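An overview of the molecular structure
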There are 2 protein chains.
Amino acid sequence: EDWRSMKKVQIFQYVVLKWTLALLIGLATGTVGFFNNLAVENIAGFKFVLTNNLMLEHRYLLAFVAYASCNLVLAAAAAALCAYVAPAAAGSGIPEVKAYLNGIDAHSILAPSTLFVKIFGSILGVSAGFVVGKEGPMVHTGACIANLLGQGGSRKYHLTCRWLRYFKSDRDRRDLITCGAAAGVAGAFRAPVGGVLFALEEAASWWRSALLWRTFFTTAVVAVVLRGFIGYCRSGKCGLFGKGGLIMFDVSSGVTTYNSTDLVAVIFLGVIGGVLGSLYNFFVDRIVRTYSIVNEKGAPFKILLAVTISLLTSCCSYGIPWFGSCTPCPSNIQEQCPAIGQSGNFKNFQCPPGHYNDLASLFLNTNDNAIRNLFSSGTNNEFYISTLFIFFASVYCLGLVTYGIAIPSGLFIPVILAGASYGRIVGTLLGSFTELNAGLFAVLGAASFLGGTMRMTVSVCIILLELTNNLLMLPLVMLVLLISKTVADCFNKGVYDQIVKLKGLPYLEAHAEPYMRHMVAGDVVSGPLITFSGVEKVGNIIHALKMTGHNGFPVVDEPPFTYAPELVGLVLRSHLLVLLKGKKFTRERESTRLSEVLQRFGAFDFAKAGSGKGVKLEDLDILEEEMELYVDLHPIANKSPYTVVETMSLAKAAVLFRELGLRHLLVVPKTPGRPPIVGILTRHDFMAEHVLGLFPHLMPHKKA
Amino acid sequence: EDWRSMKKVQIFQYVVLKWTLALLIGLATGTVGFFNNLAVENIAGFKFVLTNNLMLEHRYLLAFVAYASCNLVLAAAAAALCAYVAPAAAGSGIPEVKAYLNGIDAHSILAPSTLFVKIFGSILGVSAGFVVGKEGPMVHTGACIANLLGQGGSRKYHLTCRWLRYFKSDRDRRDLITCGAAAGVAGAFRAPVGGVLFALEEAASWWRSALLWRTFFTTAVVAVVLRGFIGYCRSGKCGLFGKGGLIMFDVSSGVTTYNSTDLVAVIFLGVIGGVLGSLYNFFVDRIVRTYSIVNEKGAPFKILLAVTISLLTSCCSYGIPWFGSCTPCPSNIQEQCPAIGQSGNFKNFQCPPGHYNDLASLFLNTNDNAIRNLFSSGTNNEFYISTLFIFFASVYCLGLVTYGIAIPSGLFIPVILAGASYGRIVGTLLGSFTELNAGLFAVLGAASFLGGTMRMTVSVCIILLELTNNLLMLPLVMLVLLISKTVADCFNKGVYDQIVKLKGLPYLEAHAEPYMRHMVAGDVVSGPLITFSGVEKVGNIIHALKMTGHNGFPVVDEPPFTYAPELVGLVLRSHLLVLLKGKKFTRERESTRLSEVLQRFGAFDFAKAGSGKGVKLEDLDILEEEMELYVDLHPIANKSPYTVVETMSLAKAAVLFRELGLRHLLVVPKTPGRPPIVGILTRHDFMAEHVLGLFPHLMPHKKA
């Protein structure tokens, strides 16, 4: 149903509801985002305080045991949640959201249980000291919240709402989930504009300018909510929750005039970022494939894997700082040195008073604090080159082995950590040759590695600007992103695209593949075509629904009803099920009047049901004698389905399919005198695997 | 030709060229933007210095004469440029760019002469003291620059380039012009992100995420260029060019905590903005219609009108301050008071030393300075309420009567001026009840009026944030925009949409009209359909080209070539002309082999030519005896045109047409045994005027 055909009151309700939902999504995502931060800071803070206190008493082994067992318990809890409650919550979640917005209704990716595990699993996982971020999970969380609100709550838990019947179309759902994804980014990075651009650049497959505004409203609500909570926490009522504002890593104090050496360094950073980023993607692909073998063996193995990685991480973060030497605290800084407690830039570790261990400042810290330390300006000589090298290598490897275990794991933070450390290496090496400080180089390094792995550009740029509150860095960040993305694109695809492909989701690309230009639509139509007559026998319909998984069936009127066979339209499986459930059958092949159908069914009976909520084939109880009766399909057929002639270029058909966001595309014959329908194209028929399976000689050479 | 079918080297050339052009557009637009500012500040500055000096000598009448005649000469020059050189350069230019990006190739809107007049006319017009801005013209300028570069310069002036043959498709052109429009906004407001979002929200009709990145690159180049020039001017080498940075009106110093009174005030501002904005649009529409009667009488009348408005403006801006009283300078401010010279917040005017005239601070100033004064914080009591009321009324009326005269005139500045003044009124009235200062209220007022007239939201929000460098205002600005847009949308459409409609440009809306749901594609097909045979007589083609203005003709193969009449495809007028010019005719009805055609024509002969550059019908010299020969149309026919069945819902056909950006949509019959094509739908067939002309009873009730 198009809303433009509704009454004025209904339109008003619809518009109010749309904005109310956007508001609610913003409020909920903002609250979850804050709660997430609060929980992580308190749990991880408690862990570090415990470890530090034991170290101050020189009980180093006990400190390690305490540290490692905290991590172990948290990791095991996160993995158990993931493994037993919602396996779909593992990983970043951004690929799944991207696939959903492309039109793929994968099972359970936005279910309430996934939401629950995503929130708590992410808190536990990040607190457990894994090299993972909360950003990807926040995007997924935002999308889940949007889905839950859009469905009017879960029917399972009896939380439904009548008003939400207006939101039963694919488009409304997608719009809400786009808002949710943007809200997630806004909540994770406190970057409202970055969130909108992320949704626009990476998440959404279709975009309208009306959506821009709604998304922006949602992210602004998130920003307001976060600001309110943080303002409240400034007064110290939130336990170990650290300092923070709308800006996470404030480097605005850095001077940003730059000379030609800096430009060369930036270009160099871009190239490194591209190479390292594509390598990272390559390894992520391999490691996820390997892990999936382990993970498929069952839940206990998933937990075992997570626990193993947790132990490895604990060993690295507690063990490596022992190789560091103690440095006397610099005298000209405002920060506390050595830092005592859970955070701080200059960690004391095993050093005597007045000294700090720079390796511990990076390793024995939450990821957020490590990033803040790397980005910090005015501390040019804080870290030794060797420290940064060791940290870079560890984080690069740990980030790789951590992604793919059964916990909600974001990729942003590992990538930013690794990028910032090599950026800072370059900055420190350049030393006095450059006018930029080492913190700004760390930001540029993070940008280059983000560009190299995720291949997002504008959104990464804006997110970094909002994170660092330094508008004047814009040109350098853009340059580095442009180079790293270009370099990395020579080798492979972005990490999210790779994961989408790895999961076997039929993602429709924005453009048609080159080989499609030499094929026609008729070439790829496959499988036996099942058509129904305008008035069809109930038994035939039941049989077809049972035997195939098709979601759409063409309806053809045949003589004697028409002069020649004629295409009526397309009926959807879900509509057929509703119609059959209504049991308005006739004994003869005769057509039902529309008014009767309208009487029998409410306006929203045929609206798209929430996931797992529609009528199922098993729900029908058609009696044996009803099987021989007839039912008229005309009232429920979509009478103007989009069609292409069989000789239409496949590339053009693909563009049509993708641009209009179709689920079925009917292929009609070119010449008269044949059956009026040749076949149906669905999403799967445009996939490279399907097309190249039918025509192996078209295989692109690089794959041969 | 799709670039994916090109060779690797060609793809590389294409990609390099794309980015080079984006860079060049950025450089050129940035330079023009700076030059524009520089010229305006110097010309207007000279004018004000002259007037001020005469006033200091108490020669008030002479000062007026000098002031008014400066304005008069500048206005007459601007109008003369517009009237005689490029009439298309009059007005804002944003509606034209918007229409072009919607697929309308209106005559000469992006021609080099338009560019020239747009730049210099805008400088003259703004310097002449009109209540107009340089923002709209800058967008148009950016688009013209993009067009000029994309065509490889103008053939007229022998500035062409072979490489640019790759840029002959509609899509490449549109992409470039989108970049140009974004660069224009970025150059006018120094708002790179705002420019991208403006292009996305207001200008472009189709958007791809690849374009996002390219646009952003362009605007960043603009920002860098502007920054470089401004840095150069800081040293005082640019005459009367004032202070400035990347941020134009810096209100970041203002505190932004707010209480509930402020929220009520903001909601109130939103409602006022909506009402005043829709009224503004209504009057703009009426006044432009009235003026067009005058303007159609010829160039001298255009100049006369401009001169009249110039005199009126001079009288207002010099005369009204006389009603103002002199106020002693406040002691606790950092700014110079009274200000001497061309700019400054506290204008001396006729007052004794140590006093200022607040009316003169607003009236006898450039528009940019007046805005800066209104936005200024820490000057809460500078302006009397009466002053602000008088200024608001004058600017509102002057803005209305100025738009529509034959000069390049942007709407942003008048709208910001009027909005800022009523915002400041509200702020001043609230006084101590509010925690926000009057300058921030002026920003909110400007936002509300922008939302009410232009109906842009995200881009206005970001532009204002970038202009004022105050990220923490975001929630309030969003709220006020949301309310004012919603209120104004109840009354009429946005001012740019209105102007597009007023100019009679066939703009395709993003969604189908409600009445289209009850019609089928066959209903609106009109006019006699002209089809060609697969091998057609030259004379018939020439006749059809002469007699009709159609740009596309269906080609139908008929017996004896095929068993039944069969649709081959669609040929374009421009391709027919190239083919006929090639003169590869045959004596018999026989088909030519493709290889022969490829031999005869280069790969780029059929590429879309620049505006006014293609082969014209008059260029052909077909001899009388050649008229009887045949030519094979198969090689040039588009063999898979998009088609719809005649019973397809018109709404769905409209969506297809719009989403895919088509120019022709073939309508095929539903039942066999009829001619294989029913008609062609073009852009004009989807226009409300056409459809409602055919079916007057469908007229929506509100218009009846």
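Here, every reference points to the structure presented above.
Definitions and cut-offs
Residues numbered from 1 in each chain as written. Chains lettered and ligands numbered in written order. Predicted model: local features only at pLDDT ≥ 70, side-chain atom pairs only at ≥ 80, totals over all residues. Heavy atoms only, no water. Helix = DSSP H or I, 4+ residues; strand = E, 2+ residues; numbered from the N terminus. Buried < 20%, exposed > 50% of the residue type's maximum accessible area, 1.4 Å probe, protein only. Contact = heavy atoms within 4.5 Å. Pairing = 2+ DSSP bridges. Axes fitted to C-alpha atoms, helices over the stretch in contact; angles between N-to-C directions. Disulfide = S-S within 2.5 Å. Phe/Tyr/Trp six-rings, centres within 6.5 Å; stacked < 30°, edge-to-face > 60°. Lys NZ or Arg CZ within 6 Å of the ring centre and 35° of its normal. Patch = residues over 30% accessible without salt bridge, like charges linked within 9 Å, V, L, I, M, F, W, Y side chains within 5 Å. Areas by Shrake-Rupley, 256 points an atom, 1.4 Å probe, with all protein chains shown as cover. Salt bridge = Lys/Arg side-chain N within 4 Å of Asp/Glu carboxyl O.

Residues and elements named next belong to chain B. Along the chain, the position of Val568 falls in strand S6 (residues 566-572). The exposure class of Val568 is buried, given its relative accessible area of 10%. If we skip the residues at most four places from it in the chain, Val568 touches Val555, Val556, Asp557, His634, Ala637, Asn638 and Lys639.

Here we take up the sheet that holds strand S10 (residues 679-681) of chain A. All names here are of chain A. Read across the open sheet, the three strands follow the order S8-S9-S10; overall the sheet is mixed. On the outer flanks of this sheet lie strand S8 (643-645) and S10, each paired with one strand and no other. Within the sheet, the average angular offset between the axes of one strand and its neighbour, ignoring direction, is 35°. In terms of strand pairing, S8 meets strand S9 (residues 665-668) through three bridges, oriented parallel. Bridged to Val645 within S9 is Val668.

Residue and element names in this part refer to chain A. Scanning the entire structure with this criterion turns up two disulfides over all chains. Each disulfide pairs two cysteine sulfurs, and for Cys326 the partner residue is Cys351, the sulfurs being separated by 2.0 Å. Given an S-S torsion of about -90°, the disulfide between Cys326 and Cys351 has left-handed geometry. You can see Cys326 sitting in strand S1 (residues 326-328) and its partner Cys351 sitting in the loop between S1 and strand S2 (355-357), a full 25 residues away along the chain.

Let us now look at the packing of aromatic side chains. For the coordinates displayed, the defined rule picks out 42 aromatic pairs over all chains. Arranged with centres 5.0 Å apart and planes meeting at 85°, the rings of Tyr60 of chain A and Trp322 of chain A form a pair that is edge-to-face. With a gap of 262 residues between them, Tyr60 of chain A in helix H2 (residues 60-85) and Trp322 of chain A in the loop between helix H10 (299-319) and S1 connect regions that are remote in the sequence. Look at Tyr60 of chain A and you get partly exposed, because its relative accessible area is 22%. Summarising the aromatic geometry, the rings of Trp19 of chain B and Trp213 of chain B are spaced 6.4 Å apart at their centres and angled 65° between planes, so their arrangement reads as edge-to-face. Within this pair, whereas Trp19 of chain B is found in helix H1 (residues 8-56), its partner Trp213 of chain B is found in helix H8 (residues 209-234), the two being separated by 194 residues in sequence. Joined through ring pairs, the aromatic side chains of Phe48, Tyr60, Phe64, Tyr67, Tyr318 and Trp322 of chain A make up one cluster. Over the ring of Phe48 of chain A we find Lys47 of chain A; its NZ or CZ atom is 5.1 Å from the centre of that ring. Here the basic side chain of Lys297 of chain A rests over the ring of Phe301 of chain A, its NZ or CZ set 5.7 Å away from the ring centre.

To continue, consider the side chain of Asn102 of chain B. Residue and element names in this part refer to chain B. With respect to the element layout, Asn102 can be found in the loop between helix H3 (94-101) and helix H4 (112-127). Asn102 sits in the buried class, given a relative accessible area of 0%. Residues within four places of Asn102 in sequence aside, it is in contact with Ser205, Trp206, Pro506, Tyr507, Leu508, Arg658 and Arg683.

All right, on to the sheet that holds strand S6 (residues 566-572) of chain A then. Residue and element names in this part refer to chain A. Pairing within the open sheet is mixed, and its three strands lie in the order S3-S5-S6. Since the sheet does not close on itself, it has two edges, and those belong to strand S3 (532-533) and S6, each with one partner. Sitting on the sheet, helix H21 (residues 573-582) touches S3, strand S5 (552-557) and S6, and the angle it makes with S6 is about 85°.

Here the focus is the pairing of S5 of chain A. All names here are of chain A. In terms of burial, S5 is largely enclosed, as six of its six residues are buried. Going residue by residue along S5, you find Gly552, Pro554 and Val556 tucked away on one face and Phe553, Val555 and Asp557 tucked away on the opposite face as well. Note that S5 and S6 share six bridges and pair antiparallel. In the sheet register, Phe553 faces S6, and the bridge partner there is Val571.

Residue and element names in this part refer to chain A. On the surface, Ile267, Val271, Val275, Leu279, Phe282, Phe283 and Phe491 cluster together into a nonpolar patch covering about 580 Å² of accessible area. Counting through the fold element by element, Ile267 comes out in helix H9 (residues 260-295). By relative accessible area, Ile267 is classed as partly exposed at 41%.

Limitation: the analysis is restricted to geometry and does not speak to function.
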